[in-house]
Each structure stands twice: as structure tokens, then as C-alpha cells.
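# Tertiary structure, described
Chain by chain, the residues:
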Amino acid sequence: MIEQLAGKRTKEQASTTGMVLRIERGSVYDGDGFRTVVFLKGCPLRCLWCSTPESQSFKVEHTKNCTYGQVMSVEAVMKEIRKDSCCYFHSGGGLTISGGEMLSQPDFSRELLKVAWEECINTAIETTFYAPWEDVSSLMTYVDTAFVDLKMFSKEGHKKYIGGDNSRIFDNLLKTNELEHQFRLIVRIPIIPGINDSDKELEGIGSFCTKLKHLHHVQLLPYHRLGTETYKRLGRTYPLADLMPPSAEHMTHCLSILRNYVDTVL
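Source: prediction; values computed, not measured.

### A short note on the overall build of the chain
- Looking only at helices and strands, the chain has 10 helices and 10 strands in total.
- In terms of overall dimensions, the chain is globule-like: its C-alpha atoms have a radius of gyration of 18 Å, near the 18 Å expected for 266 residues.
- Principal-axis analysis of the C-alpha atoms places the extent of the chain at approximately 55 × 50 × 35 Å.
- When each of the 266 residues of the chain is scored for burial, the buried share is 53%.
- The long-range fraction of contacts in the chain, counting pairs at least 24 apart against all pairs at least 6 apart in sequence, stands at 72%.
- For the chain, the accessible surface area stands at approximately 12400 Å², while carbon and sulfur atoms represent 51% of it.

### Considering the sheet that holds strand β10 (residues 215-222)
- Reading across the sheet, the 8 strands line up as β5-β1-β2-β6-β7-β8-β9-β10 and stay open at both edges, with mixed pairing between neighbours. At either end of the open sheet lies a strand with only one pairing partner, and these are β5 (70-73) and β10. Pairwise comparison of adjacent strand axes, ignoring direction, gives a mean angle of 30° for this sheet.
- Note: strand β7 (residues 122-127) against strand β8 (residues 145-149), 4 bridges, orientation parallel. Pairing of I125 across the sheet is with A146, part of β8.

### Overview of the nonpolar core
- Core analysis: the largest hydrophobic core is formed by 71 residues, its most contacted members being W49, L112, M140 and L220.
- Other than its neighbours up to four places away in sequence, M140 contacts I125, F129, A146, L179, H181 and F183.
- L21, V37, F39 and L234 belong to the second-largest nonpolar core, a separate cluster that totals 5 residues.

### Considering the packing of aromatic side chains
- Taken as a whole and judged by the stated rule, the model has 4 aromatic pairs.
- For the ring pair W117 and Y142, a centre distance of 6.5 Å and an interplane angle of 70° mean the geometry is edge-to-face. One end of the pair, W117, is in helix α4 (residues 106-118); the other, Y142, is in the loop between α5 (133-140) and β8, with 25 residues separating them in the sequence.
- On the basis of relative accessibility, which here comes to 33%, the residue W117 falls in the partly exposed class.
- An angle of 70° between the planes, with centres 4.7 Å apart, marks the rings of F170 and F208 as edge-to-face. One end of the pair, F170, is in helix α7 (residues 167-175); the other, F208, is in helix α8 (residues 199-209), with 38 residues separating them in the sequence. Comparing F170 with F208 shows no difference in burial state: the two are buried.
- Ring pairing ties together the aromatic residues F153, F170 and F208, which thus form one cluster.

### Things to note about the UniProt feature "domain: Radical SAM core" (unreviewed entry) in the chain
- Within this numbering scheme, the UniProt entry marks residues 29-260 as carrying the feature "domain: Radical SAM core" (unreviewed entry).
- Regarding residues 29-260, the helix share stands at 35% and the strand share at 20%, and the terminal C-alpha atoms are separated by 26 Å.

About the criteria used
- Residues numbered from 1 in each chain as written.
- Predicted model: local features only at pLDDT ≥ 70, side-chain atom pairs only at ≥ 80, totals over all residues.
- Heavy atoms only, no water.
- Helix = DSSP H or I, 4+ residues; strand = E, 2+ residues; numbered from the N terminus.
- Rg over C-alpha atoms; globule rule 2.2 N^0.38 Å.
- Buried < 20%, exposed > 50% of the residue type's maximum accessible area, 1.4 Å probe, protein only.
- Contact = heavy atoms within 4.5 Å.
- Areas by Shrake-Rupley, 256 points an atom, 1.4 Å probe, with all protein chains shown as cover.
- Pairing = 2+ DSSP bridges.
- Axes fitted to C-alpha atoms, helices over the stretch in contact; angles between N-to-C directions.
- Core = buried A, V, L, I, M, F, W, Y, C linked by side-chain atoms within 4.5 Å.
- Phe/Tyr/Trp six-rings, centres within 6.5 Å; stacked < 30°, edge-to-face > 60°.
- UniProt positions renumbered as here; feature names shortened; annotations may be inferred.

If you want it as C-alpha cells, here you go:
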């Protein structure tokens, strides 16, 4: 049946292409169960701590030993996803679209999610919601779980450290309250020492999260230094070279602040 559906869609999907950074199979960190993660290339933001600098540019990039990015059709990506379909159904896993910023390629992301949805493959997205609401709402119908990064409460800090106004992100998160489609919303907060880990910052985010109808839980992610070698390969300087990951004690403190507002914080 799936093969028949795929055959009918092939011509239509062939014209819908996207810039794909890479496809990772067997992930257990990007949603429930065994997942295939499609990383798209291109992001309008520039987080100083970005661990995947190769995902920022919307163009194919070449280094001495690596090529980052390739244009793929929806059907070509689905062929890779279907290889693990039996694992999805046994583990509760499925497809996760990540970035870069997957909403920067809304048509490609929507078509990919739609096909997976029609084939009963569980879907998840990893995003900042930094996009027009029309692009967000057009694909949320096909999303089972949305992991949304909420990196800073301060508008000034968001512009300084991330490179964009966070008003759009807050507005889009609030607008998800209007969606009738049932999905899990998981807010992710990266804990970056000295940047967004103050009590005031976390209290602001926690208070905002109480307004979200679909919120399932909040997840704190400790800063890490993965990706620094990629900066070197790209001939770029890592902006936070002297910053160290937060201690376990500090992460516990951050958890305690958020738990004053949200029942479940991981």
C-alpha cells in the first residue's frame, strides 16, 4: 500500500525540493522511540553557542574533507525514512525534522511531514518558531510533537546573543493555543552560563510557559562545546571559546526555578 501511495506521489513530490544537511538514522534523542532525523540547512538566527555552524548557511558548503548540504526531493528523503519503518512501529518512533531552522523551508518541511503523516509515521519537529505564523500553522496539522527552543526571555538579550527579535517566537507559541489539532508541545531551554541562566530570565520563561495550552513539559539542555571542531573546518572562530558547561548543581538550581511554574521539567 505504501509503495502504491509513493508511486502516485512521485511526480508531485519530485518538484518539491529542499536543502538537506544530513539524515541521521537511529536517533533516540530527538523524540520518542527510534527516529530518523532529517537536518535541513539554513537558519536566519545566529546563536553564539550554535553547535552546528554548518547548518547556518542556506548554500552548499565545501571544506577540505567535507561537503555540507545537498538538494533532495521529498520522495528521495522518504525513501531513506521508509527503510526504518518497522523500527518506528515497534518503538513508537518516526520522523523528526530539525535544522538549521526547518521553518525556513516551509514548503519542503510541510510536504515531507504530510507524506509521513499519510503513511502513519509519527512526526516531530525541532524548531525555534522564528517564522511567519502562516508557515507554522500550515504544517502543524501533520505534527505529533513540536520541540520549540525558547532561548531567552529578554528581547535585548535575544537580539544580542541570538540575532533576532523574540516577539515572533512568543507570538507563535501563544497562537498554538488556537490549534484544534492535538499535539505535544515541548519547550526546550538551553542553559548558557552568564547569558540566559539568571533567575530573572528563567522566571520570565517559566511564567510565559503557564500560558501554553498544549505544553507537555519543559526540557533544560546544558550548554556543551560540541561543534567547535566544525568551526575550525569552516575557517570560523567559535564565539564562546572560554565558556564552560554549567555544573550539575547549577542545573539543579535552574530546574527548581522552572518547577515553580511548570509541573514537569526535565
